[in-house]
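Given next are the chains, with one letter for each unit.
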Amino acid sequence: MKELWHQIVDALEEKKARNLVVLDVRGICSFAEYIIIANGMSDRQIKAMAEHVIDTQGKPSGAEGLDLGRWVLLDYIEVIVHIFQDDLRQYYDLDGMWMEAKRLVG
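Overview of the structure.

Cut-offs applied
- Residues numbered from 1 in each chain as written.
- Predicted model: local features only at pLDDT ≥ 70, side-chain atom pairs only at ≥ 80, totals over all residues.
- Heavy atoms only, no water.
- Helix = DSSP H or I, 4+ residues; strand = E, 2+ residues; numbered from the N terminus.
- Contact = heavy atoms within 4.5 Å.
- Polar contact = N/O pair within 3.5 Å; in protein donor to acceptor, adjacent residues only side chain to side chain.
- Core = buried A, V, L, I, M, F, W, Y, C linked by side-chain atoms within 4.5 Å.
- Buried < 20%, exposed > 50% of the residue type's maximum accessible area, 1.4 Å probe, protein only.
- Phe/Tyr/Trp six-rings, centres within 6.5 Å; stacked < 30°, edge-to-face > 60°.
- Pairing = 2+ DSSP bridges.
- Axes fitted to C-alpha atoms, helices over the stretch in contact; angles between N-to-C directions.

## Here's the deal with the side chain of Asp-95
Inference 1: As for its position among the elements, Asp-95 is in helix α4 (residues 94-97).
Inference 2: Not counting residues up to four positions away in its chain, the partners in contact with Asp-95 are Val-21, Ile-37, Arg-89 and Arg-103.

The structure is reproduced here in structure tokens:
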């Protein structure tokens, strides 16, 4: 059986996620083991990606941004998923914030 982060990546790829990155933050983060960052091209696509992850992985312990679809956060405890529109991903630069993390994908 694939690890949760890998199952989430598969679900995101099925909905054509772009610029997908998986960061292994074990040992440098107190609230998660993996962070997944992906882009969508529109609010509809971002919502569809998030809903597909929820459909395939079950309800997360927390979710934010589903109503607007510009930046969706799904909290699966050990895996945090961020799905952004391009401009917000550049602005918040989570990739840079976690630059010391090992990249498993991306």
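## Some words on the side chain of Asn-39
Inference 1: Position of Asn-39 among the secondary structure elements: in strand β2 (residues 34-40).
Inference 2: Within polar-contact distance, the side chain of Asn-39 engages the side chain of Asp-86 at 2.2 Å.
Inference 3: With residues up to four places along the chain from it excluded, the contact list for Asn-39 reads Ala-17, Arg-18, Asn-19, Met-49, Phe-84, Asp-86 and Arg-89.

## A short note on the nonpolar core
Inference 1: Counting 21 residues, the largest nonpolar core has Ile-8, Leu-12, Ile-36, Val-79, Val-81 and Ile-83 as the members making the most contacts within it.
Inference 2: For this core, the secondary-structure elements that each account for two or more residues are α1 (4-14), β1 (18-24), β2, α2 (43-57), β4 (71-75) and β5 (79-85).
Inference 3: Membership of the second largest hydrophobic core comes to 13 residues, among which are Leu-23, Ile-80, Leu-88 and Leu-94.

## Considering the packing of aromatic side chains
Inference 1: Tallying each qualifying case throughout the model produces five aromatic pairs.
Inference 2: Between Phe-31 and Trp-98 the ring centres are 6.2 Å apart and the planes differ by 75°, which places this aromatic pair in the edge-to-face class. A residue pair is termed long-range when its members are at least 10 positions apart, and Phe-31 in the loop between β1 and β2 and Trp-98 in the loop between α4 and β6 (102-105) qualify at 67 residues.

## Observations concerning the sheet that holds β4
Sheet strands line up and pair through hydrogen bonds in the backbone, either parallel or antiparallel.
Inference 1: One open sheet accounts for six strands, arranged β3-β4-β5-β2-β1-β6; its pairing is mixed. Here the strands that pair on one side only, and so sit at the sheet edges, are β3 (62-64) and β6. Adjacent strand axes in the sheet meet at a mean angle of 15° when their direction is disregarded.
Inference 2: Sheet analysis places β2 next to β5, joined by seven bridges and oriented parallel. Bridged to Asn-39 within β5 is Phe-84.
Inference 3: With respect to the sheet, α2 is in contact with β2, β4 and β5, its orientation differing from that of β5 by roughly 165°.

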